[in-house]
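Listed below, chain by chain, are the residues.
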There are 2 protein chains.
Amino acid sequence: MNIKGFKFSAVEAAIKKPGRLDLALIVSETPAAVAGVYTTNAVKAAPVLLDQERTKKGACRAIVVNSGNANACTGPVGLADARETTRLVADGVGSAEEEVLVCSTGVIGVPLPMERMRAGIPPLVRGLGTGTFDDVARAIMTTDTFPKMEVRTGKAGGMEYTVAGIAKGAGMIMPNMATMLAFIVTDAAVDPTWLRTVFAAGVERSFNAITVDGDTSTNDTALIMANGAAGNPVLSAGSDDAAEFVRLLDEVLLALAKLIVKDGEGATKFVEITVKGARSDADAKRAAMAVANSCLVKTAFFGQDANWGRIFAAVGYSGAEVDPDRTELFFDDVQMVRAGVFTGGDAEARGTEILKKREFSVTVDLHLGEGVSTVYTSDLSYDYVKINADYRT
Amino acid sequence: MNIKGFKFSAVEAAIKKPGRLDLALIVSETPAAVAGVYTTNAVKAAPVLLDQERTKKGACRAIVVNSGNANACTGPVGLADARETTRLVADGVGSAEEEVLVCSTGVIGVPLPMERMRAGIPPLVRGLGTGTFDDVARAIMTTDTFPKMEVRTGKAGGMEYTVAGIAKGAGMIMPNMATMLAFIVTDAAVDPTWLRTVFAAGVERSFNAITVDGDTSTNDTALIMANGAAGNPVLSAGSDDAAEFVRLLDEVLLALAKLIVKDGEGATKFVEITVKGARSDADAKRAAMAVANSCLVKTAFFGQDANWGRIFAAVGYSGAEVDPDRTELFFDDVQMVRAGVFTGGDAEARGTEILKKREFSVTVDLHLGEGVSTVYTSDLSYDYVKINADYRT
């Protein structure tokens, strides 16, 4: 894989346990168009506050990421530490401090170990060109069991370009181990304003359509850099080949999002939940998320129990407009509920067979309008409780 | 315990497993003032729809309750079955059908076994006067491990009266076993309009301030009957002794609500969560409920992990107005967070000791206003997953 004009590096800076990469760097040789989507949590970690400001300018040179410490709930000291981290990187790669973004994931409430960051950044910068994007994918892992990368190639104005993305764990997986992080790099030339629009829309359908436990972390961040090294005419709204770029970007985002759910803590099931026929797309998403986040629904998935009643009840309390007498519910293609009433017969047995699969879908049709939304979730298993209860003991 | 003018009965009607009471009746000898609070779920079981209409009149004679079948998602047949149940009871006790209320709890989506109801109601009516309120408390249990009753006595206008209440399980405890039910009876004479006001306010601070898994069932119902057999001057807004009645009623409601949480599925902890200093009481409740319903917070409670970062994050995503730099957080009286930053020192060790207790409190002070709310919750244990995943297997 070649993503023109990007260099990568990852080192062990002893922020995580020994023997694991925990500090990584993505650098574009030239200023790249940049866009970011951030956690909606009112409690935002220092690097999120910094990046939100800096991505407004629409261009950046580098992203530095550490795992093992979230630099969240660290007050003014945390913000100063985040700034210093970007300054040290900027000095190393020869850019302005404002052109460097920073992301952190790990323990909340503990100051970033700056002596280790200061010691780690010089070898990190020296490693540029020898490291790979895959190294970065490994360095940002916390409780993820495998690194997550997706790559697509396309053409714009006859020039080939690559869209590559990496991501790490959904939800607040371990005690104090917070955050979903995703980094997309492309050598396509893309108008920064349009990039912001299509990236935000893509994230809404992917990273914002998955849930493991419904907890929104203080550090969630998705960033995209587009440096134009492919030499294509700049892609923007309505330009030739813009649609293909959006399609490829969406594919990368959705594939990464699905990998995060599949690697969700303790997950034994991957479930696609679609609500359609809602009054609005927002209503559909509200209902789908209520189902995806219900502990009772998720334990039923784990128990392989075709328990449509819990799903029906979750749709009912979601806040979406619902007319129970019109609602239909399916497991894959097996209809469990028609006009709000159990279909009976062999539906129970057929539904139970579907729940035994590793992956299946739940579809709820509200028959009230055109609103539709699909979200992705996992089940709630013994291992989820174990992973999240036993971390420090 | 004597609650003047009320009679009780409970029988085995073979709706639940053999050997368990599952059909119960509460009758007032004279028409009683009545008030009800119902599930906010858009998917409401047939008995809820019926009772909502009938309690509007402000008076009733009887409440019939079955466990083992929720009569939810049963369509027009379910509504006809609920009506027939009340008609049979009305014929037996000599009242109008509209003066009888009905509640159901149990499996969703399966028609009420009417032949068993028809067979059970005559012995149920014959048993009136021999049964006790405690029998009713047992008959409404599903996965509850103990019956729940609270009694207080007071005086109004020199006449002694009793306020007694029973309740069953919070949340949707077992697959398809839905519902929190509570029934309060008092022989005090109470104005029906005022009764509605004080009962709704009391439920808001008790049954609506507890959560086990955040799932709102299709059948949740709390009812109160006040028959005036104590002979006191009618209590109403501003009347003598009204304040004492409200205090006793609130005590009964809150005590029952706490018993429900303590009997929550798999619970090993009872946690009181208070958010104060919020912009409004509604904001405080939003934040407290987000903490109480967070799977990550609840697994940390189970793991006895003083994980204030997860609580902080849940407050952050609750939708309540939050200024992280002002927020304080306590486990019992140990301050973990000051001005949004970990207090450090021995707080970690002291907080961990508190988490080892069977009962403790979490207090978050937002320092933004006067809003305050207290909610009660349990932890999320292996047994929660086991109970909710393994029911049918």
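Criteria and thresholds
- Residues numbered from 1 in each chain as written.
- Chains lettered and ligands numbered in written order.
- Predicted model: local features only at pLDDT ≥ 70, side-chain atom pairs only at ≥ 80, totals over all residues.
- Heavy atoms only, no water.
- UniProt positions renumbered as here; feature names shortened; annotations may be inferred.
- Helix = DSSP H or I, 4+ residues; strand = E, 2+ residues; numbered from the N terminus.
- Rg over C-alpha atoms; globule rule 2.2 N^0.38 Å.
- Buried < 20%, exposed > 50% of the residue type's maximum accessible area, 1.4 Å probe, protein only.
- Contact = heavy atoms within 4.5 Å.
- Areas by Shrake-Rupley, 256 points an atom, 1.4 Å probe, with all protein chains shown as cover.
- Lys, Arg positive; Asp, Glu negative; His and termini not counted.
- Charge placed at Lys NZ, Arg CZ, Asp CG, Glu CD.
- Salt bridge = Lys/Arg side-chain N within 4 Å of Asp/Glu carboxyl O.
- 1 Å grid on protein atoms, 1.4 Å probe; cavity = no way out; pocket = protein on both sides within 12 Å on 5 of 7 lines; lining within 4 Å.
- Points joined across faces, edges and corners; volume = space filled by probe spheres on them.
- Nonpolar A, V, L, I, M, F, W, Y, C, P; charged D, E, K, R; others polar.
- Polar contact = N/O pair within 3.5 Å; in protein donor to acceptor, adjacent residues only side chain to side chain.
- Buried area = accessible area lost by both parts, 1.4 Å probe.
- Least-squares fit on C-alpha atoms with pLDDT ≥ 70 in both.
- Disulfide = S-S within 2.5 Å.
- Pairing = 2+ DSSP bridges.
- Domains from an automatic or database assignment.

- Chain A is annotated in an unreviewed UniProt entry as Arginine biosynthesis bifunctional protein ArgJ of Geobacter metallireducens.
- The UniProt entry for chain A carries the following comment under Subunit (unreviewed entry): "Heterotetramer of two alpha and two beta chains."
- Comment text from UniProt for chain A, heading Function (unreviewed entry), reads "Catalyzes two activities which are involved in the cyclic version of arginine biosynthesis: the synthesis of N-acetylglutamate from glutamate and acetyl-CoA as the acetyl donor, and of ornithine by transacetylation between N(2)-acetylornithine and glutamate."

### Thoughts on the overall build of chain A
Next, step 1: What chain A contains, in helices and strands, is eleven helices and 15 strands.
Next, step 2: Its C-alpha radius of gyration of 22 Å places chain A within 12% of the 21 Å reference for a compact globule of 393 residues.
Next, step 3: Summarising its shape, the C-alpha atoms of chain A cover approximately 70 × 55 × 35 Å along the three principal directions.
Next, step 4: Here chain A, with 393 residues, has 63% of them falling under the buried criterion.
Next, step 5: Sequence separation of at least 24 residues holds for 79% of the intrachain contacts in chain A that already meet a minimum separation of 6.
Next, step 6: A total of about 13300 Å² of accessible surface is found on chain A, and carbon and sulfur atoms cover 51% of it.
Next, step 7: Separation between the mean location of the 40 positive side-chain charges and that of the 49 negative ones in chain A comes to 3 Å.

### Concerning the pattern of salt bridges
Next, step 1: Summed over all chains, the structure comprises 36 salt bridges over all chains.
Next, step 2: Across the pair E251 of chain A and R247 of chain A runs a salt bridge, and its minimum N-O distance is 3.0 Å. On the criterion of helical spacing, the pair formed by E251 of chain A and R247 of chain A is a turn pair, its members being four residues apart in helix α6 (residues 242–262).
Next, step 3: Its relative accessible area of 45% is what places R247 of chain A among the partly exposed residues.
Next, step 4: Across the salt bridge formed by D250 of chain B and R205 of chain B, the nearest N and O atoms sit 2.6 Å from each other. Of this pair, D250 of chain B sits in helix α6 (residues 242–262) while R205 of chain B sits in helix α5 (residues 192–205), and the two are 45 residues apart along the sequence.
Next, step 5: Note on R205 of chain B: relative accessible area 46%, which makes it partly exposed.

### Focus: empty space enclosed by the protein
Next, step 1: Counted by the stated rule, this structure contains one cavity of 30 Å³ or more.
Next, step 2: In this structure, the largest cavity encloses a volume near 30 Å³.
Next, step 3: Lining the largest cavity, in full, are C295 of chain A together with V212, D213, K298, D379, L380 and Y384 of chain B.
Next, step 4: In terms of residue class, the lining of the largest cavity is made up of four nonpolar, no polar and three charged.

### Looking at the UniProt feature "active site" (unreviewed entry) in chain A
Residues and elements named next belong to chain A.
Next, step 1: In the numbering used here, UniProt assigns the "active site" (unreviewed entry) feature to T179.
Next, step 2: Inspection of the secondary structure puts T179 in the loop between β6 (159–168) and β7 (181–186).
Next, step 3: Overall, T179 belongs to the buried group, its relative accessible area being 0%.

### As for helix α8 (residues 295–302) of chain B
Residues and elements named next belong to chain B.
Next, step 1: Most of α8 is tucked away: eight of the eight residues are buried.
Next, step 2: Of all the residues in α8, the buried ones are C295, L296, V297, K298, T299, A300, F301 and F302.
Next, step 3: A side-chain oxygen of the first residue of α8 lies 3.2 Å from the backbone nitrogen of L296; this N-cap is S294.
Next, step 4: In the segment just after α8, Q304 is the residue with positive phi, at about 55°.

### Some words on the interface of chain B and chain A
Next, step 1: Every contact between the two is made by 52 residues of chain B and, on the other side, 52 residues of chain A.
Next, step 2: When chain B packs against chain A, close to 4200 Å² is buried across both sides, 61% of that on carbon and sulfur atoms.
Next, step 3: At the surface where chain B touches chain A, the tally comes to zero salt bridges.
Next, step 4: Inspection of the chain B/chain A interface yields six residue pairs in polar contact (both at pLDDT 80 or more).
Next, step 5: Breaking the side of chain B that touches chain A down by element, the ones donating at least two residues are α8, α9 (308–317), β13 (341–342) and α11 (382–389) of chain B.
Next, step 6: No other element matches the seven residues that α9 of chain B contributes to the side of chain B that touches chain A.
Next, step 7: The residue inventory of the side of chain B that touches chain A, partitioned by class, reads 26 nonpolar, 18 polar and eight charged.

### So, the relation of the copies chain B and chain A
Next, step 1: Screw-axis analysis of chain B against chain A gives a translation of 0.0 Å along the axis, an RMSD of 0.0 Å, and a rotation angle of 180°. Expressed as a symmetry operation, the mapping of one chain copy onto the other fits a two-fold axis. Using C-alpha coordinates, one finds that chain B approaches the rotation axis most closely at Y382 of chain B, a distance of 2.9 Å.
Next, step 2: Same-surface contact between copies: 100% of interface residues of chain B are shared with the interface of chain A.

### What about the state of the cysteines?
Next, step 1: Applying the stated rule across the entire model yields zero disulfides over all chains.
Next, step 2: Just so you know, C73 of chain A is unpaired, no disulfide at all, and the nearest cysteine sulfur is the one on C103 of chain A, 17 Å from it.
Next, step 3: Residue C73 of chain A is classed as buried on the basis of its relative accessible area of 8%.
Next, step 4: The thiol of C60 of chain B is not disulfide-bonded; the next cysteine sulfur, from C103 of chain B, is found 10 Å away.

### Side note on the sheet that holds strand β8 (residues 210–211) of chain A
Residue and element names in this part refer to chain A.
Next, step 1: Read from one edge to the other, the open sheet built from seven strands follows the order β8-β15-β10-β14-β11-β12-β13, with strand pairing classed as mixed. Of all the strands in the sheet, just β8 and β13 (341–342) have a single pairing partner and so form its edges.
Next, step 2: Both β8 and strand β15 (residues 371–378) contribute to a ladder of two bridges, which runs parallel. Bridging from a neighbouring strand, T211 pairs with T377 of β15.

### Brief notes about the domain arrangement of chain A
All names here are of chain A.
Next, step 1: What the domain assignment reports for chain A is domain 1 (6–262) and domain 2 (270–389).
Next, step 2: Distance between the C-alpha centres of domain 1 and domain 2: 33 Å.
Next, step 3: Counting from both sides, the interface comprises 16 residues of domain 1 and, opposite them, 16 residues of domain 2.
Next, step 4: Between domain 1 and domain 2, roughly 1300 Å² of surface is buried when both sides are summed, and carbon and sulfur atoms account for 53% of that area.
Next, step 5: It is A209, T211 and K262 in domain 1 that bury the most area against domain 2; as a group they hold 35% of the surface buried on that side.
Next, step 6: Our enumeration of links across domain 1 and domain 2 arrives at two salt bridges.
Next, step 7: Here E204 ties to K285 by a salt bridge, and the two come within 2.8 Å at their closest N and O atoms.
Next, step 8: At the junction of domain 1 and domain 2, the tally comes to four residue pairs in polar contact (both at pLDDT 80 or more).
Next, step 9: Those elements that place two or more of their residues in the side of domain 1 that touches domain 2 are β8 and α6.
Next, step 10: Counting residues per element, the side of domain 1 that touches domain 2 draws most heavily on α6, which supplies four residues.

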